[in-house]
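# Structure assessment
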Amino acid sequence: VELRAGAIDFAFGGRGPGAVWKGEAERLPWRDRFGVIARTTLDLPAGTWRFRTVSDDGVRVRVGGQPVIENWTWHGPTTDEGVYEAAGGQVEVEVEYFEIDGHAVLRLEVEPVE
């Protein structure tokens, strides 16, 4: 199922994707054992950028094809960070996520490093 979102800020809780994408519950019946692959292009000015996730469970973030965050484990809500050195211009960002059971959350934040 392909869906669109304005940001990666999904508080699934114990309800699964149908709770986040209203009106899609019949297409998204699962509460546990699901995955998300999110892709976008960001225009990042030259400099160092911090990527931060909060995830429960596994998460991977690649920026411009480079691994920035890798916590591909079964875990409770966890914050992970990584940095990316941007040359300036557009870069592809890809986030992979999996949920095994229980609580579920996926959030991505991007900020310049001062």
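Let me begin by describing the structure that accompanies this report. Computed from a predicted structure; not experimentally measured.

## Focus on the environment of Gly102
By the element assignment, Gly102 lies in the loop between strand E7 (89-99) and strand E8 (104-112). Each C-alpha atom, one on Gly102 and one on Asp56, is 8.8 Å from the other, the two residues being 46 residues apart in sequence. Excluding its chain neighbours within four sequence positions, the residues that come into contact with Gly102 are Gly13, Gly14 and Asp32.

## Digging into the sheet that holds E7
As summarised here, the arrangement of the four strands in space is E2-E7-E4-E5, forming an open sheet in which the pairing is antiparallel. At either margin of the open sheet sits one strand with a lone partner, and together these are strand E2 (34-44) and strand E5 (66-71). Adjacent strand axes in the sheet meet at a mean angle of 10 degrees, parallel and antiparallel pairs treated alike. Bridging between E2 and E7 involves 11 bridges; their strand directions are antiparallel. Bridging from a neighbouring strand, Leu42 pairs with Val91 of E7.

## A short note on the packing of aromatic side chains
Following the criterion strictly, the structure yields five aromatic pairs and no others. A ring pair is formed by Trp72 and Phe98, whose centres lie 4.8 Å apart and whose planes are at 75 degrees; its orientation type is edge-to-face. Of the two residues, Trp72 is situated in the loop between E5 and strand E6 (78-86) and Phe98 in strand E7; the sequence distance between them amounts to 26 residues. By relative accessible area, which is 34% here, Trp72 ends up partly exposed. A relative accessible area of 17% means that Phe98 is categorised as buried. Members of the aromatic cluster, each reached through a chain of ring pairs, are Phe10, Phe12, Phe34 and Tyr97. Above the ring of Trp72, the side-chain terminus of Arg60 is found at 4.0 Å from the ring centroid.

## Things to note about the pairing of strand E4 (residues 59-63)
Here E4 shows one buried face, formed by Val59, Val61 and Val63, and one open face, formed by Arg60 and Arg62. Relative to E5, E4 is paired through five bridges, and the arrangement is antiparallel. Across the sheet, Arg62 pairs through a bridge with Pro67, a residue of E5. Counted along the chain from E4 to the antiparallel partner E5, the turn is two residues long, and its residue Gly64 has a positive phi close to 55 degrees. Bridging between E4 and E7 involves five bridges; their strand directions are antiparallel. When the bridges of E7 are listed, Arg62 appears paired with Glu94.

Rules of the game
- Residues numbered from 1 in each chain as written.
- Predicted model: local features only at pLDDT ≥ 70, side-chain atom pairs only at ≥ 80, totals over all residues.
- Heavy atoms only, no water.
- Helix = DSSP H or I, 4+ residues; strand = E, 2+ residues; numbered from the N terminus.
- Contact = heavy atoms within 4.5 Å.
- Pairing = 2+ DSSP bridges.
- Axes fitted to C-alpha atoms, helices over the stretch in contact; angles between N-to-C directions.
- Phe/Tyr/Trp six-rings, centres within 6.5 Å; stacked < 30°, edge-to-face > 60°.
- Buried < 20%, exposed > 50% of the residue type's maximum accessible area, 1.4 Å probe, protein only.
- Lys NZ or Arg CZ within 6 Å of the ring centre and 35° of its normal.

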